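Coordinates in review
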Amino acid sequence: GAVVSQHPSWVICKSGTSVKIECRSLDFQATTMFWYRQFPKQSLMLMATSNEGSKATYEQGVEKDKFLINHASLTLSTLTVTSAHPEDSSFYICSARKQGVGETQYFGPGTRLLVL
Amino acid sequence: AQSVTQPDIHITVSEGASLELRCNYSYGATPYLFWYVQSPGQGLQLLLKYFSGDTLVQGIKGFEAEFKRSQSSFNLRKPSVHWSDAAEYFCAVGAGGTASKLTFGTGTRLQVTL
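Quick summary incoming for the structure in this document. (Residues numbered from 1 in each chain as written. Chains lettered and ligands numbered in written order. Predicted model: local features only at pLDDT ≥ 70, side-chain atom pairs only at ≥ 80, totals over all residues. Heavy atoms only, no water.)

Here's the deal with the interface of chain A and chain B
Counting from both sides, the interface comprises 21 residues of chain A and, opposite them, 20 residues of chain B. Summed over both partners, the interface of chain A with chain B comes to about 1,600 Å²; 56% of that surface belongs to carbon and sulfur atoms. Of all residues in chain A, the largest losses of buried area upon contact with chain B belong to Ser43(A), Glu103(A) and Phe107(A), amounting jointly to 27% of the total for that side. Across the chain A-chain B interface, the total number found is one salt bridge. A salt bridge links Glu59(A) to Lys101(B), with the nearest nitrogen and oxygen atoms 3.2 Å apart. Where chain A touches chain B, the interface holds seven residue pairs in polar contact (both at pLDDT 80 or more). (Contact = heavy atoms within 4.5 Å. Buried area = accessible area lost by both parts, 1.4 Å probe. Salt bridge = Lys/Arg side-chain N within 4 Å of Asp/Glu carboxyl O. Polar contact = N/O pair within 3.5 Å; in protein donor to acceptor, adjacent residues only side chain to side chain.)

What follows is the structure, encoded as structure tokens:
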């Protein structure tokens, strides 16, 4: 199998606080994980590529200091939304790349963030 | 740069009817293609993928897709839709013939009437 988990599944926080979201590959190792953002009724927007043991690669327009990514092990990547504001409210989805023949990205269940 | 077009934003079919969701891609080399399904408030589940070999690929839940290079298409089909198939469907293409960086289409929302 290829299972990816995310925690928490939803979070409500006050404006100005920081929120950490964890993404774990449960039954395989992933040197590369990805963080996406999805607005209501829209497609996924890639925010950044998380590389184990090195710095993340951010997509154009994504603030590095706003969305901190750490990929400290082969099964865990974290996304920290720093000094969150209401406009950061969204659905955040991670994925992990399972390499090999027919490699595939497997997605987590998503985290819904609401900033008040 | 690669791109994916899903021409149909919303499709409604009757339960038991056949289904075809369209996907057209733009990519310079042999593409690496995926179909994912997303239920409301959930992550994405892989239905099937194509990276080489037989151009007709079988997936989970009775879905299949056919890669047609001449038409730059990778349409998803199911012969008989079930009410539980109602969801959002995303087509995606991988860069460099891998799953390293996926470009998604805008999605097609499937509604199933009883």
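Don't stop here, the text continues.
Considerations on the nonpolar core
Most often, soluble globular proteins have nonpolar side chains that are buried together. Core analysis: the biggest nonpolar cluster contains 26 residues, and Leu19(B), Trp35(B), Leu47(B), Leu48(B), Phe74(B), Leu76(B) and Tyr89(B) have the highest contact counts within it. At the level of secondary structure, the elements contributing two or more residues to this core comprise strand 2 (10–14), strand 3 (19–21), strand 5 (32–38), strand 6 (44–50), strand 8 (64–68), strand 9 (73–78), strand 10 (87–94) and strand 12 (108–113) of chain B. Sorting elements by how many residues they give to this core places strand 10 of chain B first, with four residues. Among the nonpolar cores identified, the runner-up in size contains 25 residues, and Ile21(A), Ala56(A), Phe67(A) and Tyr92(A) belong to it. (Core = buried A, V, L, I, M, F, W, Y, C linked by side-chain atoms within 4.5 Å. Buried < 20%, exposed > 50% of the residue type's maximum accessible area, 1.4 Å probe, protein only. Helix = DSSP H or I, 4+ residues; strand = E, 2+ residues; numbered from the N terminus.)

Points about the pairing of strand 9 of chain B
All names here are of chain B. With five of six residues buried, strand 9 lies mostly within the body of the structure. As paired strands, strand 8 and strand 9 are joined by five bridges and run antiparallel to one another. Of the residues in strand 9, the one forming a bridge with Glu64 is Arg77. In this antiparallel pair of consecutive strands, strand 8 and strand 9, the connection spans four residues, and Ser72 shows a positive phi of 50°. (Pairing = 2+ DSSP bridges.)

Observations concerning the environment of Thr75(A)
Residues and elements named next belong to chain A. Topologically, Thr75 is positioned in the loop between strand 7 (67–73) and strand 8 (76–81). Judged by relative accessible area, which is 29%, Thr75 ranks as partly exposed. A sequence separation of 30 residues divides Thr75 from Gln105, and the C-alpha atoms of the two residues are 14 Å apart.

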